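Structural description and commentary
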Amino acid sequence: MAEKNLLNLETVPMEALRAIYEVDKEFIGTRSYMGIACFWNNEYSRFLRDASIATRKSIHLKFLAGNLDVTGTSDLHLKILRYFCGIR
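These lines cover the structure that appears in this document, whether it is placed above or below. Each residue is numbered by its place in its chain's sequence as written, counting from 1. Since the coordinates come from a predicted model, pLDDT governs what is reported: local features require at least 70, and pairs of side-chain atoms require 80 or more to be given and counted, while whole-chain, interface and lining totals use all residues. Side-chain figures throughout are based on the complete set of non-hydrogen atoms in the structure, without hydrogens or water.

**Digging into the overall build of the protein chain**
Worth spelling out the cut-off: Numbering of helices and strands starts at the N terminus; helices are DSSP runs of H or I of at least 4 residues and strands are runs of E of at least 2. As defined in this context, the radius of gyration uses C-alpha atoms, and a globule is described by 2.2 Å times the residue total to the power 0.38. The rule is simple: take the accessible area with a 1.4 Å probe, protein chains only, and divide by the maximum for that residue type; under 20% is buried, over 50% is exposed, in between is partly exposed. Pairs of residues are marked as contacts when any of their non-hydrogen atoms sit within 4.5 Å. Positive: Lys, Arg. Negative: Asp, Glu. His and the chain ends are not part of the count. By convention, the point assigned to a charge is CZ for Arg, NZ for Lys, CD for Glu and CG for Asp.
A tally of helices and strands in the protein chain yields four helices and zero strands. What you see in the protein chain, going N to C, is helices and strands ordered as α-α-α-α. A globule of 88 residues ought to have a C-alpha radius of gyration of about 12 Å, and the protein chain, at 13 Å, matches this closely. Oriented by its inertia axes, the alpha-carbon framework of the protein chain measures out at about 40 × 25 × 25 Å. Residues counted as buried form 27% of the 88 residues belonging to the protein chain. Sequence separation of at least 24 residues holds for 41% of the intrachain contacts in the protein chain that already meet a minimum separation of 6. Taken as two groups, the 12 positive and 10 negative side-chain charges of the protein chain have centres that lie 8 Å from each other.

**Points about the nonpolar core**
Rules: The definition of a nonpolar core used throughout is a set of buried Ala, Val, Leu, Ile, Met, Phe, Trp, Tyr and Cys residues joined through side-chain atoms within 4.5 Å.
With 14 residues, the main nonpolar core has Phe39, Leu48, Ile59, Phe63 and Leu81 as its most contacted residues. Elements with a contribution of two residues or more to this core: helix 2 (45-48), helix 3 (53-65) and helix 4 (75-85). When neighbours within four sequence positions are excluded, Leu48 is seen to be in contact with Phe39, Trp40, Arg56, Ile59, Leu81 and Cys85.

**Structural notes on the side chain of Asp24**
The criterion, for reference: By definition, a salt bridge exists where a carboxyl oxygen of Asp or Glu is found within 4 Å of a side-chain nitrogen of Lys or Arg. As used in this structure description, the phrase polar contact means that two N or O atoms lie within 3.5 Å; if the pair is within protein, one of them must be able to donate a hydrogen and the other to accept it, and residues adjacent in sequence are counted only when both atoms belong to side chains.
Its location among the elements puts Asp24 in helix 1 (residues 14-27). Of the side chains with opposite charge, Arg56 lies nearest to the buried Asp24, which makes no salt bridge, at 7.1 Å. Here Ala37 takes part through its backbone nitrogen, which lies 2.9 Å from a polar atom of the side chain of Asp24. Those residues within four positions of Asp24 in sequence are excluded, and the remaining contacts are Ser32, Tyr33, Met34, Gly35, Ile36 and Ala37.

**Things to note about helix 3**
What counts, and what does not: What a helix is expected to span follows from its residue count: subtract one and scale by 1.5 Å. Comment: arc refers to directions from the helix axis out to C-beta atoms.
The first and last C-alpha atoms of helix 3 sit 18 Å apart over 13 residues, in line with the 18 Å expected at 1.5 Å per residue. Of the positions making up helix 3, those classed as buried are Thr55, Arg56, Ile59, His60 and Phe63. Projection of helix 3 onto a plane perpendicular to its axis shows the buried side chains occupying an angular sector of 135 degrees, all on one side. For helix 3, the elements touching its buried residues are helix 1, helix 2 and helix 4.

**Describing the packing of aromatic side chains**
Here the distance between the centres and the angle between the planes together describe a pair of aromatic rings. Defined as follows: Aromatic pairs are defined between Phe, Tyr and Trp rings, using the six-membered ring for Trp, whenever the two ring centres lie within 6.5 Å; interplanar angles under 30 degrees are classed as stacked, those over 60 as edge-to-face, and all others as tilted.
Taken as a whole and judged by the stated rule, the model has five aromatic pairs. For the pair Tyr44 and Phe47, a centre-to-centre distance of 6.3 Å together with 50 degrees between the ring planes defines the contact as tilted. Each member of the pair, Tyr44 as well as Phe47, carries the same accessibility label: buried. Joined through ring pairs, the aromatic side chains of Tyr33, Phe39, Trp40 and Phe63 make up one cluster.

Here's what the structure looks like:
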């Protein structure tokens, strides 16, 4: 079964969206991260601020799988970001 975003965040009331964001912040660094809260180092904002939820989650999971600090920077972080964001 393909993963789909079943919740359209554009239709969620602002109060509910804030609550979801706060919960997701608690999941940063875990496999439960949903892809909503910002987890990345400021150096990588240009790659991730407009990335889809699915892309953010995939990158976060790849960082975890590589035993990388999800808030860190390195050549490996950048390689992963470029791969998932389609940047050369």
